[in-house]
Amino acid sequence: MAATANLSPLSSSSSLPKPISKNLSFSLNPPQNSLFRKTLPKPSSFPCKPVVHAQKPQFTISSKNPISDFFSTNKSNPEYDFVSSFSDDDDKPREECGVVGIFGDPEASRLCYLALHALQHRGQEGAGIVAVNNNVLQSVTGVGLVSEVFNESKLDQLPGEMAIGHVRYSTAGSSMLKNVQPFVAGYRFGSVGVAHNGNLVNYGALRAMLEDNGSIFNTTSDTEVVLHLIAISKARPFFLRIVDACEKLEGAYSMVFATEDKLVAVRDPFGFRPLVMGRRSNGAVVFASETCALDLIEATYEREVYPGEVLVVDKKDGVQSLCLLPHPEPKQCIFEHIYFSLPNSVVFGRSVYESRHIFGEILATEAPVDCDVVIAVPDSGVVAALGYAAKAGVAFQQGLIRSHYVGRTFIEPSQKIRDFGVKLKLSPVRGVLEGKRVVVVDDSIVRGTTSSKIVRLIKEAGAKEVHMRIASPPIIGSCYYGVDTPSSDELISNRMSVEEIREFIGCDSLAFLAMDSLKKMLGSDSPNFCYACFSGKYPVMPREVKVKRVGDFLDDGLNGPIDSIDGGWVKGLQNINIEKEIDPLYQQSKI
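Just so it is clear, the model here is predicted, and its values are computed rather than measured.

Here is what the cut-offs are and how they apply
- By convention here, each chain's residues receive numbers from 1 onward along its written sequence.
- Local features in this predicted model are restricted to residues of pLDDT 70 or higher, and side-chain atom pairs are both shown and tallied only at a pLDDT of 80 or more, whereas totals for entire chains, interfaces and linings draw on every residue.
- Hydrogens are left out, water is left out, and the side-chain values use all remaining heavy atoms of the structure.
- Helix and strand assignments follow DSSP, with helices taken as H or I runs no shorter than four residues and strands as E runs no shorter than two, numbered in order from the N terminus.
- We call a residue buried when its accessible area falls under 20% of the maximum for its residue type, exposed when it is over 50%, and partly exposed in between, using a 1.4 Å probe and counting protein chains only.
- Between two residues, a contact is recorded if the distance between any of their heavy atoms is within 4.5 Å.
- Note on areas: Shrake-Rupley with a 1.4 Å probe; residue coverage comes only from the protein chains shown.
- Following DSSP output, two strands are said to pair if at least two bridges run between them.
- Comment: axis = line fitted to C-alpha atoms, over the contacting stretch for helices; angle = value between 0 and 180 degrees taken between N-to-C directions.
- Pairing of aromatic rings covers Phe, Tyr and Trp, the last through its six-membered ring, and needs centres within 6.5 Å; plane angles under 30 degrees mean stacked, over 60 mean edge-to-face, and all others mean tilted.
- Within this document, salt bridges are pairs made up of a side-chain nitrogen of Lys or Arg and a carboxyl oxygen of Asp or Glu, the two lying within 4 Å of each other.
- What pLDDT expresses is the predictor's confidence in each residue, scored from 0 to 100.
- In plain words, nonpolar cores are sets of buried Ala, Val, Leu, Ile, Met, Phe, Trp, Tyr and Cys residues tied together by side-chain atoms within 4.5 Å.

Broken down by element type, the protein chain carries 19 helices and 27 strands. Taking all 591 residues of the protein chain together, 60% fall into the buried category. Taking the intrachain contacts of the protein chain between residues at least 6 apart in sequence as the baseline, contacts between residues at least 24 apart amount to 72%. Just so you have it, the protein chain exposes about 23200 Å², and 51% of that area is on carbon and sulfur atoms.

It is worth spelling out the sheet that holds strand β9 (residues 263–267) at this point. Ordered in space as β6-β7-β8-β9-β13-β14, the six strands form an open sheet in which the pairing is antiparallel. The open sheet has two edge strands with one neighbour each: β6 (183–187) and β14 (318–323). For this sheet, the mean inter-axis angle between neighbouring strands, taken without regard to orientation, is 20°. The sheet contact formed by strand β7 (residues 190–200) and strand β8 (residues 251–258) spans eight bridges and is antiparallel. If you follow asparagine 197 over to β8, its bridge partner there is serine 254. Each of β6, β7, β8, β9, β13 (309–314) and β14 is contacted by helix α7 (residues 238–246), which is oriented at about 165° to β8, the strand it contacts most.

Backbone-to-backbone hydrogen bonds pair the strands of a sheet. The strands run either parallel or antiparallel. With parallel pairing, four strands are arranged side by side in an open sheet as β18-β21-β22-β24. At either margin of the open sheet sits one strand with a lone partner, and together these are β18 (373–376) and β24 (509–512). Averaged over all pairs of adjacent strands, the angle between strand axes in this sheet comes to 20°, irrespective of strand direction. As judged from the four bridges shared by β18 and strand β21 (residues 437–442), these two strands associate in the parallel manner. Bridge pairing links valine 373 to valine 438 in β21. Helix α16 (residues 498–505) contacts β22 (465–470) and β24 of the sheet and is inclined by roughly 130° relative to β24.

The subject of this paragraph is the pairing of strand β10 (residues 276–280). Counting buried positions along β10 gives five out of five residues, so the element sits mostly inside the fold. Along β10, one buried face is formed by Val276, Gly278 and Arg280 and the opposite face, lined by Met277 and Arg279, is buried too. Pairing between β10 and strand β11 (residues 285–288): four bridges, direction antiparallel. Of the residues in β11, the one forming a bridge with valine 276 is alanine 288. Between β10 and β11, which pair antiparallel and follow one another directly, the connecting turn spans four residues, one of which, glycine 283, has a positive phi of 95°. Where β10 and strand β12 (residues 299–304) come together, five bridges link them in antiparallel fashion.

Here we come to the packing of aromatic side chains. By the definition in use, this model includes eleven aromatic pairs. Ring geometry for phenylalanine 335 and phenylalanine 340: centres 5.5 Å apart, planes at 40°, overall tilted. Judged by relative accessible area, phenylalanine 335 falls into the buried class, the value being 4%. Taking 5.8 Å as the distance between ring centres and 35° as the angle between the ring planes, the aromatic pair formed by phenylalanine 335 and phenylalanine 534 counts as tilted. Of the two residues, phenylalanine 335 sits in helix α9 (residues 335–340) while phenylalanine 534 sits in helix α18 (residues 532–535), which places them 199 residues apart along the sequence.

Right, let's talk about the pairing of β24 for a bit. Residues Ser509 and Ala511 of β24 are buried on one face, and the alternating residues Leu510 and Phe512, pointing to the opposite face, are buried as well. When β22 meets β24, the two strands line up parallel, connected through four bridges. Paired with methionine 468 across the bridge in β24 is leucine 510.

What follows concerns unusual backbone geometry. Of note, the bond from glutamine 181 into proline 182 is cis; its omega dihedral lies within 30 degrees of zero at 0°. By the element assignment, proline 182 lies in the loop between β5 (162–168) and β6. Looking along the chain, the bond that leaves proline 378 and enters aspartate 379 is cis, with omega of 0°. As for its position among the elements, aspartate 379 is in the loop between β18 and α11 (382–392). Within the chain, phenylalanine 348 stands out as a residue other than glycine whose phi angle is a positive 55°. By secondary structure assignment, the location of phenylalanine 348 is in the loop between β16 (346–347) and β17 (350–351). Looking at phenylalanine 348, the relative accessible area reads 7%, which means it is buried.

This part is about the environment of glutamate 503. Structurally, glutamate 503 can be placed in helix α16. Residue classification places glutamate 503 among the exposed positions, given a relative accessible area of 52%. Considering only alpha carbons, one finds glutamate 503 and serine 452, 51 residues apart in sequence, at a separation of 9.4 Å.

A word on the pattern of salt bridges. Here the structure, examined in full by the defined rule, presents 21 salt bridges. Salt-bridge contacts for glutamate 290 lead to arginine 122; the nearest nitrogen and oxygen are separated by 2.6 Å. Here glutamate 290 is found in the loop between β11 and α8 (291–296), whereas its partner arginine 122 is found in the loop between α2 (108–118) and β3 (126–133), with 168 residues between them in sequence. Just as glutamate 290 is buried, arginine 122 falls in that class too. Here arginine 303 and glutamate 309 are joined by a salt bridge, their closest N and O atoms 2.8 Å apart.

Okay, the confidence of the model for the protein chain next. Averaged over all residues, the pLDDT of the protein chain equals 78, while 73% of them reach at least 70. The low-confidence segment residues 1–63, where pLDDT is below 50, has 168 contacts with residues more than four positions distant or belonging to other chains. Low pLDDT (under 50) marks residues 547–591, which in the prediction has 115 contacts with non-local residues, meaning those over four places away or in another chain.

If you trace the backbone, cysteine 530 turns up in strand β25 (residues 529–530). Classification of cysteine 530 as buried rests on a relative accessible area of 8%. Considering only alpha carbons, one finds cysteine 530 and glycine 271, 259 residues apart in sequence, at a separation of 9.6 Å.

A few words on the nonpolar core. Grouped together as the largest cluster of nonpolar side chains are 47 residues, with contacts concentrated most on Ile334, Phe335, Val374, Tyr481, Leu518 and Phe534. Looking at this core, the elements with two or more residues in it are α9, α10 (352–366), β18, α11, β21, α17 (515–522), β25 and α18. Broken down by element, this core gets its largest block of residues, five residues, from α10. Formed by 35 residues, the second largest nonpolar core is a distinct cluster that contains Tyr203, Met209, Leu210 and Phe238.

Our focus in this paragraph is the environment of valine 266. By secondary structure assignment, the location of valine 266 is in strand β9. Owing to a relative accessible area of 0%, valine 266 belongs among the buried residues under this scheme. Considered as a pair, valine 266 and tyrosine 253 are 13 residues apart in the sequence and their alpha carbons are 7.8 Å apart. Every residue in contact with valine 266, bar those within four places of it in the chain, is listed here: Cys246, Tyr253, Ser254, Met255, Phe257, Leu275, Glu309, Val310 and Leu324.

Written out as structure tokens, the structure reads:
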């Protein structure tokens, strides 16, 4: 689905195909005492038509990731050098958003608030809830953590039995208050609210098309495009407007919509980002990015929202399921299991805890080393370290203690302290490390700056040897599907060999989880995951790239830097078929 193929005049959206309009499917087996009369089809009944795309790089310069050669990257501005400690200390990819939707509970907004607490790890820059009461959509949004945005009085402003919620760490759009979701918009047939997890790779083209036809945008977020597409759609009834809009989208989107009487959940045809469905004992239906949110509000996990599926919930018809598009082979984000999701979640039908434990076991089997103690880089490396220690028969201990009370900003003394940012968050335990041969397990290495500081910290605490084990393959490509990663030029594995990285971070040995071992562990599910950040092969070709700007770190949530007002988007090459240029056999090859 190419961006150029969808640039039809706004007055003629009816020209788009609507393959789903005759394919509604219903099931009639509600739980007892349920609010609804209809439930969902079993997973095996949901259609899936494999369509596989691939990219084989032909061009390489100094980069291991060919796609990076097609897009420019912004250079750091020396004016902002004093904020470098932020990026050094946060040397991890960031999950961008978490979403929640609740239908049929008299305390919907309060349950939504609790569910957002459980999803706080997916975004800390802003939070919002939209509740529906007497066919009116009411919204409260703010910058900061969920606990900072909401209090008793604000939740009292959100009565009703339906609510959607969102936590964010921005991809498209700066961190200004106006970009905090859920968004609410009115159009001629009513109002709609939307919360979006993901990233639209054709956002720039769609926004330009809409603006050329008179649309006015209030934010720099790619999610606002969806609302405009819904408003101009000619489809009936309302949920077909959502389908009509989604047919024009490329990239990753797991979204929940609220109207005056319906809750709608939709997931992109590739299923990049997770979205699950559960049900409370009173029959209330809950959608959330992770099952940990269901657990907190005592909702029972039922199943995932399938890739390419739209679920519509209302009082009249219960839960209706339909197919958005004939969807290709799923390409679910493997980093959900490596880093993003909480260990107690079930994501893409797999336990995150079990996945990470096995990653550690594989490392112990394939990259063993004589050692006295195994430690983790907390918190994300803990489960893999437990797996490594169990398989190696070596004690796991807490060699690094993480402080959970450090905010995004801090004041450094005038007398510079080396590795100040890392020392604020991680404290070595000398009694565990001194005189020991230490294996340190972490989930990933991005720029390598934090890893080098951690190694130095451990050695300064008296460790005899430091051996790094990384529970993921080397990251060589940026993510364009809803994860904030640096440009490919900044990724250390895209520029250096494993031995060069080892020398850079100063450890005695270094090993990554092998890609083949990762795929073998996933078994028959292996083709259903996206490995673009490890391979540079993208299921959906990025034509517009969000480039990370150092200046974004100065954004206080209210007054973003002037140069971020365009959302930080850079156009792809003009008048060029990227697939053809990168791989003439693009359609025939397989990722």
